[in-house]
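Structural characterization, general
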Amino acid sequence: MARIYNFSAGPSILPEEVLKQAASEMLDYQGSGMGVMEMSHRSKVYDGIIKHTEEMFRKVMNIPDNYKVLFLQGGASTQFAMVPMNLLAKSGKADYVLSGNFSTKAWEQATKLTESGAFPGTISVAGSTKEENFKRIVRQDELKLDPSADYLHICENNTIYGSRWSYTPDAGSVPIVSDMSSCILSEPVDISKYGLIYAGAQKNIAPAGLTVVIIRDDLLYDPMPGTPIMLTYAVQAKNDSMYNTPSTYSIYMAMLVLEWIERTGGLAAMKARNEEKAKLLYDCLDATDFYQTAIVPENRSMMNVTFRTASDELDAKFVKESAEAGMSNLKAHRATGGLRASIYNAMPKAGVEHLVAFMKKFEKENS
Ligand SMILES: *Cc1c(COP(=O)(O)O)cnc(C)c1O
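Now for a quick tour of the structure. Each chain carries its own residue numbering, running from 1 in the direction its sequence is written. With the structure being a predicted model, the display of local features is reserved for residues of pLDDT at least 70 and the display and counting of side-chain atom pairs for 80 or more, all residues being used for whole-chain, interface and lining totals. As a rule here, side-chain values come from all non-hydrogen atoms in the structure, and water together with hydrogens is ignored.

**Some thoughts on the pairing of strand 4 (residues 122-128)**
The criterion, for reference: We treat two strands as partners when DSSP finds at least two bridges between them. Helix and strand assignments follow DSSP, with helices taken as H or I runs no shorter than four residues and strands as E runs no shorter than two, numbered in order from the N terminus.
With 6 bridges connecting them, strand 3 (residues 93-98) and strand 4 associate as parallel partners. Across the sheet, residue V97 finds its bridge partner in strand 4, namely G127.

**Re the pairing of strand 3**
Quick note on the threshold: Burial classes: relative accessible area under 20% of the type maximum marks a residue as buried, over 50% as exposed, and values in between as partly exposed (1.4 Å probe, protein chains only). Looking down the strands as they point away from you, a crossover is right-handed if its path from the first strand over the helix to the second goes clockwise.
Across the 6 residues that make up strand 3, a large majority, 5, are buried. Tracing the backbone out of strand 3, into helix 4 (residues 101-115) and back to the parallel element strand 4 gives a crossover that is right-handed. Summarising the sheet, strand 3 and strand 5 (residues 151-155) pair through 3 bridges and their orientation is parallel. Along strand 5, the bridge assignment pairs D95 with L152.

**Some thoughts on the site of the ligand**
Here is the rule we go by: The near set for a molecule or strand comprises every residue that places at least one heavy atom within 4 Å of it. Polar contacts, as used here, are pairs of N or O atoms within 3.5 Å; protein pairs need one atom able to donate a hydrogen and one able to accept it. Residues neighboring in sequence count only if both atoms are side-chain atoms.
The environment of the ligand is made up of 13 residues, and the closest members are S77, T159, D179, Q202 and K203. Taking A76, its main chain carries an N or O atom lying 3.0 Å from an oxygen atom of the ligand. Within the side chain of K203, a nitrogen or oxygen atom sits 2.7 Å from an oxygen atom of the ligand. Among the elements that line the shell around the ligand, the one with the most residues is helix 3 (residues 75-87), at 4 residues.

**Focus on the sheet that holds strand 4**
The condition that has to hold: Axis geometry follows a simple rule: fit a line to the C-alpha atoms, using only the stretch in contact for helices, then measure angles between N-to-C directions, giving values from 0 to 180 degrees.
The strand order across the open sheet formed by 7 strands is 2-10-9-8-5-3-4, and the pairing between neighbours is mixed. Strands at the two margins of the open sheet, each flanked by one partner only, are strand 2 (67-72) and strand 4. Each strand of the sheet is rotated relative to its neighbour by a mean of 20°, with strand direction disregarded. Both strand 9 (residues 196-200) and strand 10 (residues 211-216) contribute to a ladder of 5 bridges, which runs antiparallel.

**A word on the pattern of salt bridges**
We apply this condition: By definition, a salt bridge exists where a carboxyl oxygen of Asp or Glu is found within 4 Å of a side-chain nitrogen of Lys or Arg.
Overall, the coordinates contain 23 salt bridges when judged by the stated rule. A salt bridge links E17 to R263; its shortest N-O distance comes to 2.9 Å. Of this pair, E17 sits in helix 1 (residues 16-24) while R263 sits in helix 6 (residues 248-263), placing them 246 residues apart in sequence. Here K93 makes a salt bridge to D146, at a shortest N to O gap of 3.0 Å. Taken together, the positions of K93 in strand 3 and D146 in the loop between strand 4 and strand 5 put the pair 53 residues apart, joining distant regions of the chain. On the basis of relative accessibility, which here comes to 28%, the residue K93 falls in the partly exposed class. A residue is classified by how much of its surface remains accessible, and D146, at 22% relative accessible area, is partly exposed. Bridged by salt links that share partners, the residues E132, R136, R139, D141 and E142 form one connected network.

Note that all results are geometric; they support no functional claim without further evidence.
In structure tokens:
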């Protein structure tokens, strides 16, 4: 077996232990005589899986009882629409902070819905660092918040730019909606500071096809008129995410990943390991002028580390030679260019050490 160190931003690396367990249960899940992929979502066996997955989310993330955990589909991108369709039903006003690619997409989607007239409302930009090429996150004192907004939308970790919030904004009584797609399960989070958290599974939870939504009970109000039934949080909550067929296999994989997190010390231990891995990389970047990293230290992501050399040609050479050295997906997103190492939970420390050794060698050979 020749597994390589996969630094993909998503879909991304999964824990080897989990993949082996899934493989061993592929043909026969715990004596049921069939694999999880083949099972009716209404069967007793599957009911046990989805219930246990929710329990594990609650346990690992310490989710308070007044929050529902939903297993949806359509990716984080569908949440860009579901959030305004459902939550704008009160005052019709929402604030968005622009901190990179996905927060901008979320804002564009909300704006498109309201400006079409179909979902009337006012979408405001409460803060943006676009003018600074998203090299940092806005500070609390720069935020222009509307105290009567239905919600404030942020993107907790900016997968493409490689930045993260270093604080949770204080929005008073306005619920914070956070896209945690690329940082969920990487460290403990005080859920009670948020009204709604969503995440596509394919970064730190499970294979693609599952979107996890954690929503406070008081936000399960009637959506705006015209909202599709499938896109209504209250309907999904009332039906325990079984209004239609959920993403059964990805939910099972999430369960295995959560059990793996629990076995290895929970989110506090995960955070310590993630900090250690990220420090190895940032220390390497900070020790030289050969590599540049654009994000201000305070806002550097623990999950997605972006950097570049002096030229596009040298970046391309880095990508090519790192692949020959047993690493993949170190090319950054086309929106930024340059290089990016996504070091999610499942990336072992040895993988980061391998990358750092390669970076030092590459620097020697090319400076
Ligand atoms: C990957 C990602 C998305 C898009 O997720 P999809 O599941 O592909 O829709 C949105 N937000 C963030 C922060 C991401 O990392």
